[in-house]
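Take a look at the letters that make up each chain.
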Amino acid sequence: MRNSLILAGLAAALLSGTALAADLPRRAEPPVFTPIPVFAWTGAYLGINAGYAYTEGDTLRTTGIGALQANVVNDLRRPAVGLPQDGFSVGGQGGYNFQLTPGTGLVVGVEADAQYMDLQRSRAETIFRPAFNPNVLTNVYRADLDFLGTLRGRIGYAFDRVLVYGTGGFAYGTVSQSVTFQTGAPVTYAGARSGVETGYAYGGGIEYALPTDSFLNVFNSSAVTLKGEYLRYDLGSRTLFVGTTGGPGVGYNVTYRTEGAIARAGLNFKFGSY
């Protein structure tokens, strides 16, 4: 009888403990950690750009050959003529970046671009100085840079989705230049040239990578980036001979310099690692 009572008490205690344990709150499951992808600038990209272009060093220098230098001294042919040009630029670019450490770190790359340049300008002036020449003289100057391309290296530092960089390299462009000097008598001095000139370009900028789901990501690329950039170009100087049919070496030398800068914005579509 005594043993039965002891067994009954133990059973009751066991059942009571089980019920209490069932009433206790359950231990919460540990949260699942999903790492946020680290953005990397590594990969190829293609894009478009547009901006404002203007010339620098745009003073034309004229010297006369032989006795014609007297016309320059007497200001019948201007020794220095300003021919500033400005306008818009529009084009495209492509390149490749390599980031040494994803997230924040050094970025190196290469970029090629090509753009139309609205840099055409002409200037005409009429000069009448009877003390030196009884005729009315007309001087017409023209210059045009309608295409510019570059192939440049880039080096910068990324702060996650923000990239600050410098750039520099080779530049080339299609240049046209012409000068006409005419007097009241049927004497005309003329010269013209057109061709591809080469030189260098350098500058810098800042670029920002938008979220991948940006509405601008129409090509479903790994990233879309926006950039602002300043680029200066220098295609060197050339001397144009402005001559007449009166014989070789009769005329003027006019020196042009083709240099300027572009301030532009760009949009790139990146293809490669995230």
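Use the structure listed above.
Okay, so let's go over this structure. Since the model is a prediction, treat every value here as computed from it, not as a measurement. (Residues numbered from 1 in each chain as written. Predicted model: local features only at pLDDT ≥ 70, side-chain atom pairs only at ≥ 80, totals over all residues. Heavy atoms only, no water.)

## Examining the environment of valine 81
- Topologically, valine 81 is positioned in strand S3 (residues 80–82).
- Once residues lying within four places of it in the same chain are set aside, the contact partners of valine 81 are Asp58, Thr59, Leu60, Arg123 and Tyr141. (Helix = DSSP H or I, 4+ residues; strand = E, 2+ residues; numbered from the N terminus. Contact = heavy atoms within 4.5 Å.)

## Some words on the nonpolar core
- Tyr141, Val179, Phe181, Val242, Tyr252, Val254 and Tyr256 are the most contacted members of the largest nonpolar core, which totals 15 residues.
- Elements with a minimum of two residues in this core: strand S6 (137–159), strand S7 (162–182), strand S9 (223–243) and strand S10 (251–271).
- By residue number, the principal contributor to this core is S10, which donates three residues.
- Residues in contact with valine 254, not counting those within four places in the same chain, are Leu60, Arg61, Thr62, Val179, Phe181, Arg238, Thr239, Leu240 and Val242.
- Of all hydrophobic cores here, the second largest spans twelve residues; its members include Ala53, Leu148, Ala201 and Tyr233. (Core = buried A, V, L, I, M, F, W, Y, C linked by side-chain atoms within 4.5 Å. Buried < 20%, exposed > 50% of the residue type's maximum accessible area, 1.4 Å probe, protein only.)

## Points about the side chain of glutamine 93
- Along the chain, glutamine 93 turns up in strand S4 (residues 86–99).
- Assessed through its relative accessible area of 4%, glutamine 93 is described here as buried.
- A polar contact is formed between the side chain of glutamine 93 and the side chain of asparagine 49, at a distance of 2.7 Å.
- In this structure the side chain of glutamine 93 is engaged in a polar contact, spanning 2.7 Å, whose partner is the side chain of asparagine 268.
- Not counting the four nearest positions on each side in its chain, glutamine 93 is found in contact with Tyr45, Leu46, Gly47, Ile48, Asn49, Glu111, Ala112, Asp113, Lys227, Leu267 and Asn268. (Polar contact = N/O pair within 3.5 Å; in protein donor to acceptor, adjacent residues only side chain to side chain.)

## Points about the pattern of salt bridges
- The final tally for this structure, using the stated rule, is 17 salt bridges.
- Salt-bridge contacts for glutamate 125 lead to arginine 123; the nearest nitrogen and oxygen are separated by 3.6 Å.
- A salt bridge links glutamate 229 to arginine 264; the nearest nitrogen and oxygen atoms lie 2.7 Å apart. Taken together, the residues span a long stretch of sequence, with glutamate 229 in strand S9 and arginine 264 in strand S10 at a distance of 35 residues. Neither glutamate 229 nor arginine 264 differs from the other in exposure class; each is buried. (Salt bridge = Lys/Arg side-chain N within 4 Å of Asp/Glu carboxyl O.)

## Describing unusual backbone geometry
- Of note, the phi angle at aspartate 75 is positive, near 65°, even though the residue is not glycine.
- One non-glycine residue with positive phi stands out, namely aspartate 160, at about 60°.
- Of note, aspartate 160 is situated in the loop between S6 and S7.
- Overall, aspartate 160 belongs to the partly exposed group, its relative accessible area being 36%.

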